Every structure is written in structure tokens, then in C-alpha cells.
Amino acid sequence: MVDPWTVDLSLYGWIALMGFLVATACGLVGNYLILRRMALMGDAVSHSVLPGLVIAFLFSSSRGTGAMFLGALAAGIAATVLIEAIHRKTRVKQDAAMGIAFSTLFAIGVLLVSLYSEHVDLDADCVLYGEIAFVPLEPMVTWLGVTLGPVSLVRMAAVLLVVVGLIFAFYKELLVASFDEALARATGINPTWLHYGLMSVLSVVIVSAFESVGAILVIAMLILPGATASLMTDRLGVMHAIAVGHAAVSAWLGVSLGVWLDCSIGAAMVVAGAAIFTLVWAGAVLRRWQRRMGHDVEPVPATSVPR
Amino acid sequence: MLTAGTGVFIVAAEPLRVVATTGMVGDLAARVAGDRAEVEYLMGPGVDPHLYKATASDVRKLQRADVIFYNGLFLEGKMQSILERMGQGGRAVAAVTSGIEHDRLLDPGDGSGHPDPHLWFDPALWAECIPVVVETLSTAAPESADYFAEQGKRAAADLTALHAWAQATIAVLPPQKRVLVTSHDAYGYFGEAYGFKVVGLQGISTVSEAALADMARLVDFIKANEVKAIFVESSVPHATIERIAADAGVEIGGELFSDAMGAPGQMENGYDLGTYDGMVRHNVTMIVEALQ
């Protein structure tokens, strides 16, 4: 019998912790994406990495993790810069700009594959995306005699620390620029550079998360924690706190669900995260309904309702 | 365990826990391990190894395994680097293809040094993977080393017999009829071993769909060579090959197994498609019947 939280804690505990780190890093950055209506950035980057992978392969003649990571990161940054450039320099809105950038980059990648590497298995599924279930099988990192954890978990923790540090350092700027660009400009913040900075951090988060846990979990966790938080509050600080809570609960529920159904743990975490979103949504609907019922105690004639 | 008094050592050895990635590798491991191990494999029927998603229990199997075997040559994609690192960390992990001489491997034309991993369709070459399996199992359970060596010899003889059967069966096809058209480049070693010209529509990677020009060229090729039938594969979508068959006016010869075996116990003409032996016999019989 598998019991993820006792006998097999050394296995599924690492997986849950990894899920939490990935979901938190993605969720925190995702809050800003949702405010900027760029929530599908994860999906966009997942398609955009292909030309980076092919070019990295052509230069290094290797499908090793290092070359693939760098290629994917470069392509991810190129995608975010391209999206922003299209959006700023034309009348095209963010969502359409994302569509143009990632489909074009993906198509260039497919072209490069057919031209140069048709006989080598080279796609993101095969050379880039990791698998969260394999995290505990990785070699352990020890530092000053203390076992910190599996390699990619330690790397993800470092990425998360950087993300949290940057959010603390630039919180006011990000807050103003996310809600009111004109005000940001008036107070001396350069929203363009701030945005490019945010997008570079985003590329690092997305690509390193792809590399260790695979695509679907990352794409979902850029959206679900922030979307759940946005149902509950308008305040950015509170949104961050809710996103972290969402990450923790979906990691724990996801591992339990994955072990119970014996399915892909990454997919189970996404389903768990979506279930939390649905619960919060149902709660909000219920509250609104209750409030309306309260108001309806003294019915107002329909004709007198101001439009 | 030792039972005193009788003067006999009874070794109540737990069977080794062996985990393999693909069914073909699992079959090879089981042939050598015999009754001294329990062999499980992760990628079930119809699973494309490039698209395999691990389940929660797969990771537990890998962690608890005494010995892990995989194909190697990047068949398992990124999972290979995890397995390699487990091996470097002291676990008994081996790529069954690691013992094959490099010049025996097929380089897919571009000299990139990334050989074709689909070795198992040449049973004679597949048999050369046995020594690595014997060695790895013997290291994990030295008390059974003689047994594994014996089993290894038997396995090699079985695979050689399978190869001879395939040669005899294919002998009825005249050389000009030995043209195998399929969806992706999985049959290079098969073609090499049995004198087939192999044409894969898609290349080894499955990311790019077939180009229109490739499809048109393939239709011309089929007509020019009077190929009687072309084949779909169990782990690759069928649509494009069906379209080409319609355009070229040839029939679909049937569904070949490529990257995964059939379901265990799925019988056909008296052989089990869930075994390596059954899979090879199915492919050979189907190819010969359709092209005859």
C-alpha cells in the first residue's frame, strides 16, 4: 500500500515540496501577468522555445540539459521581447501580440527541424521538459554537510528566492506600473524597462520550471493561484499571500490525488489547483447571492431602479 | 537463511526487483533474469516513449528497484539523463545498448553522432545487448552469476533462432519487393538486417508533421516502385499514411508495432503480441503477406 505522507514521505514529500516551490514562483509572477492580461505567457513560451532548442543543438551538437536550457531561455526572452515590441509599436493588443510571436517562433522552430535536424529527435517534450515525479531520484545537493535536497529542487528554491527578493525590492514600482502606467510614468518609473525586467525574470522562472517539472504544471500555475486570488481580493499584497496558500494546498492535494489514482502527479496538481479555484468561485457566487437575498427583504419596485 | 543441522544452506533470496523502461527492454531483462527476478516495465502498450508520462507509482518502482534497464541512445529522451545520474550515484542502472560497438549502430545519414535507437527490430543485433544485462544482473546478485550467464546464452540462442525464422519467412519476397513504407524511421535496423529499402515519412522526431513535398515525393516513389502496400504504426497517428495510401492507390498493409509492444495476452496466429517474440513475428508476417 502506498502512503505518500508516512512510509513514502522521502519520495512524495520531495515531490510535494517541489510542486509547492514551482507553484509559488509561478503564482507570484503570474499575479502580474494576470493584471497585465498576459496570463497565457506560459503557453506562449512553451511553444517559443523550439527554435532555441534547435539552434542550441546545431551549435553544440548535443541534446544535453545545459545546451537545451540555454537555448530555451534565449528563445523565451526573445519571445517576451517580441511580444512587448509588437504590443508597444503597433495597435495590436497583448493577446494578439502573444499569438503572433509564439506561433511565428514555433513555426520557425519547425522549419529549422525540417531543414537541419529531421533525423534527430528534437522536441521540447523529449529534450527539455522534466517530470516532477522524477525529482526525488535526482542526486542530492549537500552544503556544509547538510543535505539540502535534489538538484532541481534546490535550483527552483534559488529561483523562488530571487523572485521573492525582486518583488520585495520593486514592490511599489510593480504595484503602480501594473495598475496605472501613466501614474507610474509621472512618478518617474519607467514602465517599459520594468516590464522587460519582469518578462526576463518570467522567462527564467518558466524555463527552469519546464526543465524540472514539465510544461502543463507551469502553464497552469502561472494562472490558477493568481486567478483564485483575484476572486478574493483587489489588493496586490493579499493576492501574493493567497497565491502562496493556493500553491501549498494544490501541491499537497495534487500529490495525494496522483498517488490515489496512480496518474501523472503534475496533471493531478493542476486538477487540484483548478478545484480550489472552482471552490473559491462557488463561494463568491454564494456570498453575492446571500447579499442579494438580504437586500431583497425590502423589495424595490422594478421601475424605480436607477439605470 | 541458514538451517542448522541438515548441513544444507537454503538461500531464501528475495527475487531481484528489476524495472525496465520499454516492453522490449523488459523482455530482454526477463529472458536473462529467469525466475531470479521480478521484471516490470513502465511504458505500456501503444505508448510512444518520447511522449511517456510517469505515473505516481512509476517513481516508486524506480526508487525501489534493485536494477534498472533502459534502451539508451536517447529513446527515453530526457528521462535518460535522470537514469544516467542515478547510475553515477551508485545505483545499478544500465542502458542495454551501451555494449554495442559504435560502428554497428545506424547513423541517420547526417553524421550527427546521434544514432538510431530502434535496435530491437534486428533480433541478431538485439541479442548483442544481452552481455550488458548479464553483467549488470550478476553485479547486483553475484550468487546467481552462473545462472544469469546460462540464461543469457539461452536468450541469445532464442533470438538467433527468431532471426533465422525471420530470414526464412522473408526469403519468399523477391528483393525488388522489399520496400517498407511507414510513418516514422523506426525500421532502419530491420531494413539493414533483411534487405529492405525503408522509407519513413516523418523522420525520427515526431514534432514536425510531414511536409507536403515529402508526401508528394512519397506518393511518386510508391507508384514508381510498384509498392503493393504501406504500413501504419501502433504508436503513431494513422491519418497521413492513410491519405498517402489513398493518393498512391495502394492498400494499408496493416498496423506494425514500432516503439511499444501490444497488450499482454493479445493473441494473434498463436503468438502473444504483448511479448517481444510475438511483436517481431507479427511485423514480419504482416509485411511479407502484404507485399507478396
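Residues numbered from 1 in each chain as written. Chains lettered and ligands numbered in written order. Predicted model: local features only at pLDDT ≥ 70, side-chain atom pairs only at ≥ 80, totals over all residues.

1. Topic: the pairing of strand β5 (residues 67-70) of chain B
Residue and element names in this part refer to chain B.
Now for step 1: Of the two faces of β5, both are covered, the one formed by Val-67 and Phe-69 as well as the one formed by Ile-68 and Tyr-70.
Now for step 2: For strand β3 (residues 16-20) and β5, the ladder comprises 3 bridges, and the chain directions are parallel. Considered in β5, the bridge of Ala-20 is made with Phe-69.
Now for step 3: Where β5 lies against strand β6 (residues 92-95), 4 bridges are found, and the strand directions are parallel. The residue bridging Ile-68 from the neighbouring strand is Val-93, located in β6.
Now for step 4: Traced from β5 through helix α3 (residues 79-88) to β6, the parallel crossover comes out right-handed. (Buried ≥ 20, exposed ≤ 12 C-beta atoms within 10 Å, placed from the backbone. Helix = DSSP H or I, 4+ residues; strand = E, 2+ residues; numbered from the N terminus. Pairing = 2+ DSSP bridges. Right-handed = clockwise from strand over helix to strand, strands pointing away.)

2. Re the sheet that holds β3(B)
Residues and elements named next belong to chain B.
Now for step 1: Spatial strand order, β4-β3-β5-β6: 4 strands in an open sheet with parallel pairing. Every other strand in the sheet has two partners, leaving β4 (37-41) and β6 as the edge strands with one partner each. Between one strand and the next, the sheet's axes are offset by a mean angle of 20°, whatever the strand orientation.
Now for step 2: The pairing of β3 with β4 spans 5 bridges and is classified as parallel. In the sheet register, Leu-16 faces β4, and the bridge partner there is Ala-37.
Now for step 3: Sitting on the sheet, helix α5 (residues 130-140) touches β3, β5 and β6, and the angle it makes with β6 is about 180°. (Axes fitted to C-alpha atoms, helices over the stretch in contact; angles between N-to-C directions. Contact = placed C-beta atoms within 7 Å.)

3. Digging into the confidence of the model for chain B
All names here are of chain B.
Now for step 1: Here chain B averages 87 in pLDDT, and 90% of its residues register 70 or above.
Now for step 2: The low-confidence segment residues 1-10 (pLDDT under 50) makes 5 contacts with residues lying over four places distant or belonging to another chain.
Now for step 3: Here the predicted complex carries an ipTM of 0.80, next to a pTM of 0.86. (pLDDT = per-residue confidence, 0-100.)

4. Some remarks on the confidence of the model for chain A
Now for step 1: Confidence in the prediction for chain A averages 88 pLDDT; 94% of positions are at 70 or higher.
Now for step 2: At the low end of the mean pLDDT range in chain A sits helix α5 (residues 124-127) of chain A, at 77; at the high end sits helix α11 (residues 236-261) of chain A, at 95.

5. A short note on the environment of B:Asn269
Residues and elements named next belong to chain B.
Now for step 1: Examined against the element boundaries, Asn-269 turns out to sit in the loop between β11 (267-268) and β12 (271-272).
Now for step 2: For Asn-269, a count of 10 C-beta atoms within 10 Å puts it in the exposed group.
Now for step 3: In this structure, the C-alpha to C-alpha distance between Asn-269 and Arg-31, residues 238 residues apart in sequence, is 22 Å.

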